Amino acid sequence: MSEKIFLCSICNINSGTCKEDCKFCSQSVRYKADIERYKQKPIDLICKEAVQARNNGALGFCLVTADKGLNDKTLEFVCKVAQEVQKVAPQLRLIACNGTASVAQLLVLKEAGIKAYNHNLETSEAFYPQICSTHPWSERYETCQNVNEAGLVLISGGIFGLGESQEDRISMLASLKTLKPTSVPINFYHHNEALELEPNPLTTDEALELIRLTRETVSDAQRIMVAGGRELMFGSRQAEIFQNGANSIVIGNYLTTKGRVMSQDLEMLKSLGLDVAKSV
């Protein structure tokens, strides 16, 4: 594992408007979670967040929308945002995370300056119907294949702590391995009372073991990223994720939950003798 840690920041450019029924997601309108909801975040605010992320060492900047997939309006907005962000923070690698997407749509994003696309499998094919009924797991897998075909960098991972079995976790990681993602974001379910799922049952030791398992299974991936739920899952033991195979983290806030102040993560890395990656 490289001792240089890749930092990524997430920007929720469209929040809480999704009509799907993913049971782990507070952005679904079905569950009426108490979150901020908006159609399009002002582009000047997005650019401000991009500059802040860059100034705190982030190399990746992910533009996230809350819908099942790309449509013409969303595609146009993401492209416009990408073009404006490049003007103020050209050093950032722009990532899009906009749900299911065709090869043609992904090529439009690529032309606009998007370098990578994030679309998670979330869990195993067998367990997926237990957490979502409005679209099949196969659509998620197909979008990841489309990303590879379009020549974008594939970022794909999943969520642990949804009530899945260990066999489901192993199956999801095996599926990820076949897609050859460059980066594998691992999320740990952050419970919201509005959602139907039970709270995350994983212990910190179990979560650390899952990071190790991810590193061992998807061994060709350049980065294993610990993303959503890091602060809640690991608490004062966050430094241990790097000892167990992680070499990338999300800094700042997540989609609908708060993260740590960016400077705290930078201080943690410094105390561990870990350098922040300066290039991809």
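All values reported here derive from a predicted model rather than from experimental measurement.

Peer 1: Before we move on, could you go through the overall build of the chain and cite the residues and values that matter?
Peer 2: Along its length, the chain carries 10 helices and 10 strands. By residue count, 59% of the 280 residues in the chain fall in the buried class. Contacts spanning at least 24 positions in sequence make up 72% of the contacts within the chain whose residues lie at least 6 apart.

Peer 1: Talk me through the packing of helix H6 (residues 166-179) against helix H7 (residues 204-217); I want residue IDs and the actual numbers.
Peer 2: One way to put it is that H6 packs onto H7 with a least axis distance of 9 Å and a crossing angle of 35 degrees. Note that H6 runs across H7; the crossing there is right-handed. Between H6 and H7, the contacting residues are Gln166, Arg169, Ile170, Leu173, Ala174 and Lys177 on the first element and Leu210, Leu213, Thr214 and Thr217 on the second. Split by residue class, the contact of H6 with H7 holds 5 nonpolar, 3 polar and 2 charged.

Peer 1: Summarise the pairing of strand E8 (residues 223-226); cite the residues concerned and give the values.
Peer 2: Burial along E8 is two-sided: Arg223 and Met225 and Ile224 and Val226, pointing in opposite directions, are all buried. Sheet topology note: the strand E7 (residues 183-188)/E8 ladder contains 4 bridges and is parallel. Across the sheet, the residue bridging to Val184 is Ile224, located in E8. Sheet topology note: the E8/strand E9 (residues 248-250) ladder contains 2 bridges and is parallel. Bridge assignment links Met225 to a residue of E9, and that residue is Ser248.

How each quantity is defined
- Residue numbers restart at each chain and count upward from 1, following the sequence in its written direction.
- Totals for whole chains, interfaces and linings use all residues, but because this is a predicted model, local features are given only for residues with pLDDT of at least 70 and pairs of side-chain atoms are given and counted only at 80 or more.
- Heavy atoms throughout the structure, all of them, feed into the side-chain values; hydrogens and water do not.
- Segments assigned H or I by DSSP are reported as helices when at least four residues long, segments assigned E as strands when at least two residues long, and all are numbered from the N terminus.
- Buried, partly exposed and exposed residues are distinguished by accessible area as a fraction of the type maximum, computed with a 1.4 Å probe on protein chains only: under 20%, between the cut-offs, and over 50%, respectively.
- Throughout, a residue-residue contact means that at least one pair of heavy atoms, one from each residue, lies within 4.5 Å.
- What counts as an axis is a line fitted to C-alpha atoms, over the stretch in contact for a helix, and the angles between N-to-C directions run from 0 to 180 degrees.
- Handedness of a crossing is defined here by the sense of rotation of the near helix relative to the far one, left-handed for an anticlockwise turn of less than a right angle and right-handed for a clockwise turn.
- Under the grouping applied here, Gly and all other residues not named as nonpolar or charged are polar, the nonpolar ones being Ala, Val, Leu, Ile, Met, Phe, Trp, Tyr, Cys and Pro and the charged ones Asp, Glu, Lys and Arg.
- By definition, two strands form a pair when at least two bridges between them are found by DSSP.

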